[in-house]
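Observations on the model geometry
In case you want the letters, here they are:
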Amino acid sequence: MVLYGAPVWSNRLSGVRRCRAKINSLQRRMAIRIARGYRTVSFEAATLLARFPPLDILADMDAKVYNHIRDIRQSGNSVPGAVIVRVRRQERRHALERWRERLQQPQFSRKRVVDAVLPHFETWLKRGERISYRLTQVLTGHGCFGEYLKKIGREATANCHHCEDDLDSAQHTLEECPAWASERQVLVAKIGRDLSLPAVVTAMLAETENWRAMASFCETVMIQKEAAERDRERTDPSRRRRRQRVNHLNA
């Protein structure tokens, strides 16, 4: 037996989900541009890196501010500017807490970026440093790494072309690959020997110079990795064809 009104309610829920999916897709593209990331970066990682709270949470925040102020006015009281500011600050705190709670869900908290940044959520949002294209690659793992390039069909294997390791990942590049020993030594001298991503993010947020040191490491190393990838493509037509095919599919 179908309850009266159930199909209509179901259609409304379906419409809300479709609308939310379209909004999230648009926001994800915007956040990826802000964070200078690859188009494959997840919604959660991109919005966190861009310090761009989900639009549904922001919309709910604005609705609560409006309703709160409307209720005060309907009760016959005036609403000074200081009250509006206080209400907005309060609802923004609640909105950011909702965002944090959402990111703490297991399916999101295990992501490389979210896992590293979430313990410093409020500090991360307050920092003014802009994130760079190559820093984003290392933070997300979406970039010129064998592991990622194999996943998207640009490489046949995940091997590191700069050493003998069979897995070239963002963490391998940051912490292990001997090809970048001199660059790593400069970074370690500034932020310490623990190069796990959570420790690196902690150091970056502790001092501006640490942030700059990490950004410099990523810039120096990733430029060389990208140049080496272009050289491999010039000498191996099959690599060029794979790149063109992937670019066509992602266009």
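Note that the coordinates shown come from a computational prediction; the quantities given were computed from them, not determined experimentally. (Residues numbered from 1 in each chain as written. Predicted model: local features only at pLDDT ≥ 70, side-chain atom pairs only at ≥ 80, totals over all residues. Heavy atoms only, no water.)

1. Concerning the pattern of salt bridges
Using the following cut-off: Salt bridge, as used here: a side-chain nitrogen of Lys or Arg that lies within 4 Å of a carboxyl oxygen of Asp or Glu. What counts as a helix is a DSSP run of H or I of at least four residues, what counts as a strand is a run of E of at least two, and both are numbered from the N terminus. The buried label goes to any residue with under 20% of its type's maximum accessible area, the exposed label to any with over 50%, and the partly exposed label to all in between, with areas taken from a 1.4 Å probe on protein chains only.
In the structure shown here, the tally under the stated rule is 16 salt bridges. Of the charged contacts in the structure, one is a salt bridge between R102 and D56, with a shortest N-O distance of 2.9 Å. Of this pair, R102 sits in helix α4 (residues 81-103) while D56 is found in helix α3 (residues 55-74), placing the two residues 46 residues apart along the sequence. Judged by relative accessible area, which is 25%, R102 ranks as partly exposed.

2. Regarding the environment of Q90
Take Q90: it is sitting in helix α4. Separated by 29 residues in sequence, Q90 and M61 have C-alpha atoms that sit 9.6 Å apart.

3. Some words on the side chain of E91
What counts here: We treat Lys and Arg as the positive residues and Asp and Glu as the negative residues; His and chain ends play no part in the count.
With respect to the element layout, E91 can be found in helix α4. Buried and without a salt bridge, E91 has K64 as its closest oppositely charged side chain, separated by 5.0 Å.

4. Topic: the packing of helix α11 (residues 181-191) against helix α13 (residues 208-235)
The test is simple: Interaxial angle, 0 to 180 degrees, is taken between N-to-C directions of lines fitted to C-alpha atoms, where a helix line uses only the stretch in contact. For classification purposes, an angle smaller than 35 degrees is called roughly parallel, one larger than 145 roughly antiparallel, one from 65 to 115 roughly perpendicular, and anything else oblique. In this description, contact between two residues means that some pair of their heavy atoms is separated by no more than 4.5 Å. Three classes are used: nonpolar for Ala, Val, Leu, Ile, Met, Phe, Trp, Tyr, Cys and Pro, charged for Asp, Glu, Lys and Arg, and polar for all others, with Gly counted as polar.
Relative to each other, α11 and α13 sit at 170°, their axes nearing to 9 Å. Looking at the two axes, α11 sits roughly antiparallel to α13. From α11, E183, R184, L187, K190 and I191 reach across to α13, where they touch E209, N210, A213, M214, F217, T220, V221 and Q224. Of the residues contributing to the contact of α11 with α13, the split by class is six nonpolar, three polar and four charged.

5. Structural notes on unusual backbone geometry
The backbone of R36 sits at a positive phi, close to 60°, despite the residue not being glycine. Within the secondary structure, R36 sits in the loop between α1 (6-35) and α2 (43-50). Residue R36 is classed as partly exposed on the basis of its relative accessible area, which comes to 30%. Positive phi values are uncommon outside glycine, yet R51 reaches one of about 60°. Mapped onto the elements of the fold, R51 is located in the loop between α2 and α3.

6. Re the environment of L125
Structurally, the position occupied by L125 is in helix α7 (residues 121-126). For the pair L125 and L49, spaced 76 residues apart in the sequence, the C-alpha separation amounts to 8.8 Å. When sequence neighbours within four positions are dropped, the list of residues in contact with L125 reads R51, L96 and W99.

Everything listed here is a matter of coordinates, which is why it stays silent on function.
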